[in-house]
Amino acid sequence: MLSVEKATAVCTVQDLGRPGFMHMGVSKCGALDSNALCLANLALGNEPNAAAIEILRGEITLNCVESCWVAVTGARANPRLLARGKQPVQVLLNASPTYIPAGGRLQISNRGAAGCSYLAIAGGIDCPEVLGSRATDLNAGFGGIEGHMLGSAEKIQPYPLAPKQKHFLPLECQISARFSLREASPDNVIAILPGPGYAAVQNDLTQIICAKPFIMGADSDRMGARFKCANTRATAALARGDKAGLMASHGVARGAMQLLPDGGLIVLLADAQTTGGYPCIANVIEADLYKLAQLPPGDSVQFIQVNFAQARSASVKQSAALQRAKYSMQQYMRKQSPNHE
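Residues numbered from 1 in each chain as written. Predicted model: local features only at pLDDT ≥ 70, side-chain atom pairs only at ≥ 80, totals over all residues. Heavy atoms only, no water.

1. Re the overall build of the protein
Part 1 of the argument: Each helix and strand counted, the protein has seven helices and 20 strands in total.
Part 2 of the argument: Looking at the protein as a whole, 52% of its 341 residues qualify as buried.
Part 3 of the argument: Look at the contacts in the protein between residues 6 or more apart in sequence, and 77% of them connect residues 24 or more apart.
Part 4 of the argument: For the protein, the accessible area works out to roughly 15000 Å², and carbon and sulfur atoms hold 53% of it. (Helix = DSSP H or I, 4+ residues; strand = E, 2+ residues; numbered from the N terminus. Buried < 20%, exposed > 50% of the residue type's maximum accessible area, 1.4 Å probe, protein only. Contact = heavy atoms within 4.5 Å. Areas by Shrake-Rupley, 256 points an atom, 1.4 Å probe, with all protein chains shown as cover.)

Here it is, written out as structure tokens:
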């Protein structure tokens, strides 16, 4: 079991979310970077959808009440195991199992780093399922640990290890130096497809969006990534191009790019609402959504328009990479335990 000593980041329990309820007004939620969540779980032999802790731009320090195995993925979060004198005694490798003894103190800091990180615990986090998911919905106040962000003195209990995990995790710290999954390094190029509101704006607006870099705003959060163009003329053109202005509310989903009246853009993310009234002029492709989760405020992005075949190809490539990581983990476990089924 882990106990939160201090948390200055937006720390929540997340899995891959709760699909299938948006027509009832329930957001999908789940991890901002689903790839990083899956890799953290796979590194420990968990199911990819196991609940883990998402750390968004800030710091968390945890006390290990009982020994456990953890893995950290995502942004360069400087994860380290601290001594009682606050001196780092072990730096955690990315996407690699690390043994934390009872009494150990684990610190993960995203200060000055990009995006979010994930802390997976062997066995997965034990918390009630709500509508088929353990993901925290901060807006509705359910899921995760009683529907709220993790704070001081919060207790995090993992499930017991599965038999397959007991075959290789007791090797303790030896694994950290011998096995690590490879995590993709995101770039700042974001692919988009025309959205359902494309006809409501001038035809050349997508060209403007793709011709100029956009800056990610400091007010970006789990609901959406906000962008402004550094070029004031382009921003003015976008604002003039919003012919429709506020529209009748319509269904929206993660990845939808909404054009705001001031010429800004917002790309809806994991905690996005299920309806909206701004024109959805484009959609970020599924394979590039993880990049938005790892961008720090102030960074610039370049949007590029692709077709459906290219979007599908990128998704297939990303899924194949995750399957290779899963296969690598399975092969590693078999080598550690010849009798493992």
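Picking up where we left off.
2. A word on unusual backbone geometry
Part 1 of the argument: A positive phi angle is found at Cys29, which is not glycine, with a value near 55°.
Part 2 of the argument: Positive phi is not limited to glycine here, since Ala95 has a value of about 55°.
Part 3 of the argument: Tracing the chain through its elements places Ala95 in the loop between β7 (88-91) and β8 (98-100).
Part 4 of the argument: By relative accessible area, Ala95 is classed as buried at 0%.

3. Quick look at the pattern of salt bridges
Part 1 of the argument: On inspection of all chains with the given rule, the structure shows nine salt bridges.
Part 2 of the argument: We note a salt bridge from Lys6 to Glu59, for which the minimum N-O separation is 3.4 Å. Here Glu59 lies in strand β4 (residues 59-64) and Lys6 lies in strand β1 (residues 2-7), a separation of 53 residues in the sequence.
Part 3 of the argument: Residue Asp219 is joined to Arg226 by a salt bridge in which the shortest nitrogen-to-oxygen separation is 3.8 Å.
Part 4 of the argument: Look at Arg226 and you get partly exposed, because its relative accessible area is 33%.
Part 5 of the argument: Here the salt bridges share partners, and the residues they tie into one network are Glu54, Arg222 and Asp271. (Salt bridge = Lys/Arg side-chain N within 4 Å of Asp/Glu carboxyl O.)

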